[in-house]
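Each chain, letter by letter, is given below.
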Amino acid sequence: MRREISTGDLRWIHVTDPEEDDLRFLREELGFHALDVEECRRPSLRPKVESHPAYLFLVVHVPTHLREERATIPAEFDVFVTPAAIVTVHAASASHLDGFFRDVSTHDDLKTRVVGRDTAYLLYRILAHLFEAAFPMLDHITEHLTEVEGKIFTGHERQMVSELSLIQRDLAGFRSIVRPQRHLYEAGTLHGDRSPKAFAVVFRCAHGKLTRLWDHLETLWERAEALAETNAVLVNYKLNEFVKILTVLGAF
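Residues numbered from 1 in each chain as written. Predicted model: local features only at pLDDT ≥ 70, side-chain atom pairs only at ≥ 80, totals over all residues. Heavy atoms only, no water.

1. Thoughts on the confidence of the model for the chain
Spelled out, the test is: Per residue, pLDDT measures the predictor's confidence, with a range of 0 to 100. What counts as a helix is a DSSP run of H or I of at least four residues, what counts as a strand is a run of E of at least two, and both are numbered from the N terminus.
Of all residues in the chain, 90% attain a pLDDT of 70 or more, and the chain-wide mean is 87. The secondary-structure element of the chain with the lowest mean pLDDT is helix α8 (residues 196–250), recorded at 80, while strand β6 (residues 85–90) shows the highest, at 96.

Right, here's the structure in full:
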């Protein structure tokens, strides 16, 4: 499905679950390279930022939590940036931008602020929205860790072994998504014909948000590891005490 917001000189084209006519539109009407368009058809293994003479192409990975599986996987957003338009492409399951796009399209004041300037600012708002969505997920993990910590020190350490393993798996998935993107938006990464000053600011802001995410992740990772080690010590201690009791009883 293809939707569009337009404010005179600037367009935001939002494509969900692209079909063949959508991909043809990207290739033939907007002139994007066939290899870049092909990346919209299937998930990409890694994020990227590429500069072409007429446009930028970004593959953005955003952490997404699967509630039933209790795991974090990447949701992909492919972004094309031209002087007059931004095109965002994603699968239906990656709905992070849908609410933002709907709000922009239905509120005139927001539409003027977000799509009424230039592509650099619109790109900034899109990236900011995507990366900011990850922070509430980290808040949820923090709350879960605090709950597990309380149970560890109130006699439930054996039950917390699996909980800690799931938290560490969640954090490992989160880290694998954020880590490769931290350096994509560093100063000097962008080359080509894009406006260097405007997009340098956008990239600096994106890099700042990813750095904040990474710092928070590292803190949670260290805390989870420390709790797992403490929990293992408590489990082993109680097991040893139990064995001692059995040994004493067996002597009679």
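2. Observations regarding the packing of aromatic side chains
Defined as follows: Each pair of aromatic rings taken from Phe, Tyr and Trp, with Trp reduced to its six-membered ring, is defined by centres within 6.5 Å and is described as stacked if the planes are under 30 degrees apart, edge-to-face if over 60, and tilted in the remaining cases. Note on criteria: charge over ring means Lys NZ or Arg CZ within 6 Å of the ring centre, with the direction from the centre no more than 35 degrees off the ring normal.
One pass over the structure, following the stated rule, counts nine aromatic pairs. Taken together, the aromatic side chains of Phe32, Tyr55, Phe57 and Phe80 make up a single cluster linked through ring pairs. When the ring centre of Trp221 is taken as reference, the NZ or CZ atom of Arg175 above it lies at 4.5 Å. Over the ring of Trp214 we find Arg182, and its NZ or CZ is 4.4 Å from the ring centre.

3. Concerning the pattern of salt bridges
Note the following rule: What makes a salt bridge here is a side-chain nitrogen of Lys or Arg within 4 Å of a carboxyl oxygen of Asp or Glu, nothing more. Think of it in three bands: residues with accessible area under 20% of the maximum for their type are buried, residues over 50% are exposed, and the middle band is partly exposed, with areas taken using a 1.4 Å probe on protein chains only.
Counting across every chain of the model gives 15 salt bridges. Here Glu38 ties to Arg42 by a salt bridge, and the two come within 3.4 Å at their closest N and O atoms. Arg42 gets classed as partly exposed once you look at its relative accessible area, which sits at 49%. Notably, a salt bridge pairs Asp109 with Arg113, separated by 3.8 Å at the nearest N-O pair. Of this pair, Asp109 and Arg113 both sit in helix α4 (residues 108–115), four residues apart, which is roughly one turn of the helix. Asp109 sits in the partly exposed class, given a relative accessible area of 49%. Via salt bridges that share partners, Glu20, Glu38, Arg41 and Arg42 belong to a single interconnected network.

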